[in-house]
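# Descriptive analysis of the structure
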Amino acid sequence: MNILILGSGGREHTFTWKLAQSPKVSQLFVAPGNAGTAALAKNIPIGVNDFEAIKEVVLSKGIHMVVVGPEDPLVNGVHDFFLNDPELRDIQVIGPQKLAANLEGSKEFAKQFMHRHNIPTAAYQSFTVEQLENGLAFLETMPPPYVLKADGLAAGKGVVILSDLEKAKQELTSMLKEAKFGAASSRVVVEEFLTGIELSVFVLTDGKNFKVLPTAKDYKRIGEGDTGLNTGGMGAISPVPFANKDFMDKVHARIIKPTVEGLRTDGLPYKGFIFIGLIKVGNDPYVIEYNVRMGDPETEVVVPRIETDLAEVFQAVADQALDKVDLQIDERSATTVMTVSGGYPEAYEKGHTIFGLEDVFDSLIFHAGTKLENGNVVTNGGRVMAFTSFGTNFRDALAKSYKSIEKIDFDKMNYRKDIGFDL
Ligand code: AMP
Ligand code: GLY
């Protein structure tokens, strides 16, 4: 089987690394990929939203399956594009169709879905610019802090949490009236603030059956102790120690099962990953958000723990035969630590050579923002590369990731030294 992976981050390098181990895979392509994927597959320099170019590649390279990494092409309907094209109809696509991708593409859609299926989540109301006065009045009825969410995709920046009522009113006004997040904030969800610890649960579904993948917890803020600006993710661990059997039974019964059943009964076609962002309030799980893809850097700890052939698992997703798959999970803990360019998530430089990679033996290195330049691996993004290690517990695993990072260097390298600090 020839597989094309769409995307260019650590998530896609991890998929590539795992699929490259499968005897079922003949040729692997990644579009556009990075220096890490180039070592395992053929990179193709096209954008993930350039559907015509993707079609050209799929036909000319004899691709059988397309694995979609990021949310953008899914929300833009890449799966539907394949189904609607007679030449592409039989190509398998891992990722939901557009209608279902709305679970990530629209917060309001996700909220209504949860409401319809009695899935626990924060209470909310949503407002458009015409309803601004109602929105401001609603804020006055709520206790702080105030959670405001742009309805649409806003590159992970669309959620604003404020403790001051006046600031919250200004923010709501700016989101709706001044289109602070562009079209994404033409509708804003205002919701109840939930207090607890966050974790993520990943589910792979074929639309009928599902498998629960290992749990993970990521660290989104740039600064130690979860301070400073939000990033794409600075590190992750799997499994999450506090997600014990009792808690996971609740997640299963109250969230995972009704989610997969809800997709089916609502007629939302889904063959792919469901990433459920949860918060544990007391001992009860609540959904913070759905994503219609794997997380990054969560993939870098979840996928290495999957022992089963991933190509076989994806094939079962495509064939609606996931119930026949016996998913084996490595019991060990995995951690990943992301090295980033100095300055990220604000302005940063690119093009710095990365030294010392050949000295790393105890960790898997998953490239995020890298490229090859004259045979050297150079930085090409804010998040540069993730160092994943295994251990009997997450602290053992982390120690290995940190030791590996000490062996490498690039100009202005930065990383968080406190991943797992709150566990
Ligand atoms: P999201 O983009 O939906 O993941 O939201 C970004 C972050 O905002 C989450 O990871 C949470 O830390 C926080 N957050 C979102 N919704 C809530 C909520 N209702 N209560 C508390 N924190 C929240
Ligand atoms: N690490 C969070 C995400 O992938 O959305």
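Our subject is the structure listed above.
A few points on the structure. Small disclaimer: the values here were computed from a predicted structure and weren't measured.

### Quick look at the overall build of the protein
On a plain count of helices and strands, the protein comes out with 13 helices and 23 strands. Against the globule reference of 22 Å for 423 residues, the protein gives a C-alpha radius of gyration of 21 Å, in line with a compact fold. Dimensions of the protein, computed from C-alpha atoms along their principal axes, come out at roughly 60 × 50 × 45 Å. Across the 423 residues of the protein, 59% fall into the buried class. At a minimum sequence separation of 6, the contacts of the protein that also span at least 24 residues come to 69%.

### Regarding the packing of aromatic side chains
Scanning all chains against the criterion turns up 12 aromatic pairs. For the ring pair Phe15 and Phe314, a centre distance of 6.2 Å and an interplane angle of 75 degrees mean the geometry is edge-to-face. Taken together, the residues span a long stretch of sequence, with Phe15 in helix α1 (residues 10-19) and Phe314 in helix α12 (residues 310-318) at a distance of 299 residues. Here Phe15 matches Phe314 in class, with each residue buried. A connected cluster of aromatic rings, assembled from ring pairs, spans Phe15, Phe273 and Phe314. When the ring centre of Phe247 is taken as reference, the NZ or CZ atom of Lys280 above it lies at 6.0 Å.

### Remarks on the sheet that holds strand β10 (residues 197-205)
Strand order in this open sheet of 4 strands is β11-β10-β16-β17, and the pairing throughout is antiparallel. Of all the strands in the sheet, the pair left with one neighbour each is β11 (210-212) and β17 (284-291). Strand-to-strand twist of the sheet, defined as the mean angle between neighbouring strand axes without regard to direction, takes the value 30 degrees. Bridge count between β10 and β11: 3 bridges; the pairing is antiparallel. For Leu204, the partnering residue across the bridge sits in β11 and is Lys211.

### Remarks on the environment of Asp80
Following the sequence through the fold, Asp80 ends up in helix α5 (residues 78-83). With relative accessibility at 19%, the residue Asp80 sits in the buried group. Setting aside its immediate chain neighbours within four residues, Asp80 contacts Gln97 and Lys98.

### Remarks on the site of ligand 1
Within the structure, ligand 1 sits among 14 residues, and Glu191, Glu192, Leu194, Glu198 and Glu289 are positioned closest to it. A distance of 2.8 Å is found between an oxygen atom of ligand 1 and a side-chain nitrogen or oxygen belonging to Glu289. Expressed as a share of its isolated accessible area of 470 Å², the protein-covered part of ligand 1 is 87%. Looking at the shell around ligand 1, its residues break down into 7 nonpolar, no polar and 7 charged.

### Brief notes about the site of ligand 2
Taken together, Asp218, Lys220, Gly232, Phe275, Arg293, Gly295, Asp296, Pro297 and Glu298 make up the full set of residues adjacent to ligand 2. One of the backbone N or O atoms of Gly232 is found 3.3 Å from a nitrogen atom in ligand 2. A distance of 2.9 Å is found between an oxygen atom of ligand 2 and a side-chain nitrogen or oxygen belonging to Arg293. Contact with the protein chains removes 87% of the 200 Å² of surface that ligand 2 exposes when unbound. Of the residues assigned to the shell around ligand 2, the class counts are 2 nonpolar, 2 polar and 5 charged.

### Examining the side chain of Thr370
Within the secondary structure, Thr370 is located in strand β20 (residues 370-373). When near neighbours in sequence (up to four residues on either side) are disregarded, Thr370 contacts Asn34, Ala35, Gly36, Ile354, Val377, Val378, Asn380, Val384 and Met385.

Conventions and cut-offs
Residues numbered from 1 in each chain as written. Chains lettered and ligands numbered in written order. Predicted model: local features only at pLDDT ≥ 70, side-chain atom pairs only at ≥ 80, totals over all residues. Heavy atoms only, no water. Helix = DSSP H or I, 4+ residues; strand = E, 2+ residues; numbered from the N terminus. Rg over C-alpha atoms; globule rule 2.2 N^0.38 Å. Buried < 20%, exposed > 50% of the residue type's maximum accessible area, 1.4 Å probe, protein only. Contact = heavy atoms within 4.5 Å. Phe/Tyr/Trp six-rings, centres within 6.5 Å; stacked < 30°, edge-to-face > 60°. Lys NZ or Arg CZ within 6 Å of the ring centre and 35° of its normal. Pairing = 2+ DSSP bridges. Axes fitted to C-alpha atoms, helices over the stretch in contact; angles between N-to-C directions. Near = heavy atom within 4 Å. Polar contact = N/O pair within 3.5 Å; in protein donor to acceptor, adjacent residues only side chain to side chain. Areas by Shrake-Rupley, 256 points an atom, 1.4 Å probe, with all protein chains shown as cover. Nonpolar A, V, L, I, M, F, W, Y, C, P; charged D, E, K, R; others polar.

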